[in-house]
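These are the residues of each chain, in order.
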Amino acid sequence: MLVNIMAVGDVCGTSGLDFLKKHLRALQRMKNISFTVVNGENANVVGVTPAQCDQILSAGADVVTLGNHTWTRWELQPYLDDQVRVLRPLNYAPQCPGRGDVTVETAFGPVRVINLLGRFTLDGNTDNPFPVVDALLADNQVRIVLVDFHAEATSEKRAMGFFLDGRISALWGTHTHVQTSDAQILPHGTGYITDLGMTGPENSVLGIDPQQSVRKFLGDPPRRYEAAKGPCRMECAVFTIDTETGACVKAEAMRIQ
């Protein structure tokens, strides 16, 4: 049996969240999607609130993943202990609230979702994601395994893809907010894309007001990011997975404007 699994790029700001709520279910019907993972860590521009996570789940996400802004909103910490379908990166210290992977029962069998954080230019207070996920998968019994690797460097994301090739169904990159053109199936059957892109304002710099970003590069003092205004887009990828083997048979990047 083949199923379509959708991964949606970082939701940015209120307008990105509204766009997701308006269009996600229609896209799921159009593409016959059976399972959806959404990265939501920028729904509050920097970080996300519990209420926004709930909205993403209500909009049609089966699992919400986070990233380097996980701890920006303090009220998210107790929420992560209670809401098993919102993940923080697995390679944060074990005493941190929440969890980094979850297995969800579906009509076509269990689906395991893992959230990882890269270390290049990001939070240095994390364990190395490579041995962490390697140890986690050592006794894995779930056929369909999905990984959101929230990382800055293209090289780190691609290295992780080849490191896990054949052991997971699909790996996608998040965080850089620019969709890459390399949706593919790796040699041993893992679906892959370096970055999904983002769900948020089109005329922006990674979701942020362009003039604020320009002023930052000109040397202005830092200030809290402000989301750009105007029309939005949703960027994502669809992976077609064989439920008997867990292998990916098709990987397709998409952009909805």
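What this report covers is the structure whose coordinates are included nearby. (Residues numbered from 1 in each chain as written. Predicted model: local features only at pLDDT ≥ 70, side-chain atom pairs only at ≥ 80, totals over all residues. Heavy atoms only, no water.)

Within the protein chain, the secondary structure is distributed over six helices and 14 strands. A compact globule built from 257 residues would reach a C-alpha radius of gyration of about 18 Å, and the protein chain, at 17 Å, matches this within 12%. Dimensions along the principal axes, computed over C-alpha positions, put the protein chain at roughly 55 × 40 × 35 Å. Expressed as a percentage of the 257 residues in the protein chain, the buried residues total 57%. Counting only contacts in the protein chain whose residues sit at least 6 apart along the sequence, the fraction spanning at least 24 positions is 63%. About 10900 Å² of surface is accessible on the protein chain, with carbon and sulfur atoms providing 51% of the total. Computed over 23 positive and 28 negative side-chain charges, the separation of the two mean positions in the protein chain equals 5 Å. (Helix = DSSP H or I, 4+ residues; strand = E, 2+ residues; numbered from the N terminus. Rg over C-alpha atoms; globule rule 2.2 N^0.38 Å. Buried < 20%, exposed > 50% of the residue type's maximum accessible area, 1.4 Å probe, protein only. Contact = heavy atoms within 4.5 Å. Areas by Shrake-Rupley, 256 points an atom, 1.4 Å probe, with all protein chains shown as cover. Lys, Arg positive; Asp, Glu negative; His and termini not counted. Charge placed at Lys NZ, Arg CZ, Asp CG, Glu CD.)

For the rest of this paragraph, the subject is the pairing of strand β7 (residues 109-117). The buried fraction of β7 is high, at eight of nine residues. Hairpin connection, strand β6 (residues 101-106) to β7: the antiparallel pair is bridged by two residues. Alignment of β7 against strand β8 (residues 144-150), held across seven bridges, turns out to be parallel. The partner of valine 111 across the bridge, within β8, is isoleucine 144. (Pairing = 2+ DSSP bridges.)

So, on to the pattern of salt bridges. Evaluation of the coordinates by the stated rule reveals eleven salt bridges. Note that arginine 233 and glutamate 235 form a salt bridge whose closest N and O atoms lie 3.1 Å from each other. The pair arginine 233 / glutamate 235 is uniform in exposure class, with both members buried. Arginine 255 serves as the salt-bridge partner of glutamate 235, at 2.6 Å between the closest nitrogen and oxygen. Note that glutamate 235 is positioned in strand β13 (residues 232-242) and arginine 255 in strand β14 (residues 248-256), a separation of 20 residues in sequence. The class for glutamate 235 is buried, based on a relative accessible area of 1%. Its relative accessible area of 43% is what places arginine 255 among the partly exposed residues. (Salt bridge = Lys/Arg side-chain N within 4 Å of Asp/Glu carboxyl O.)

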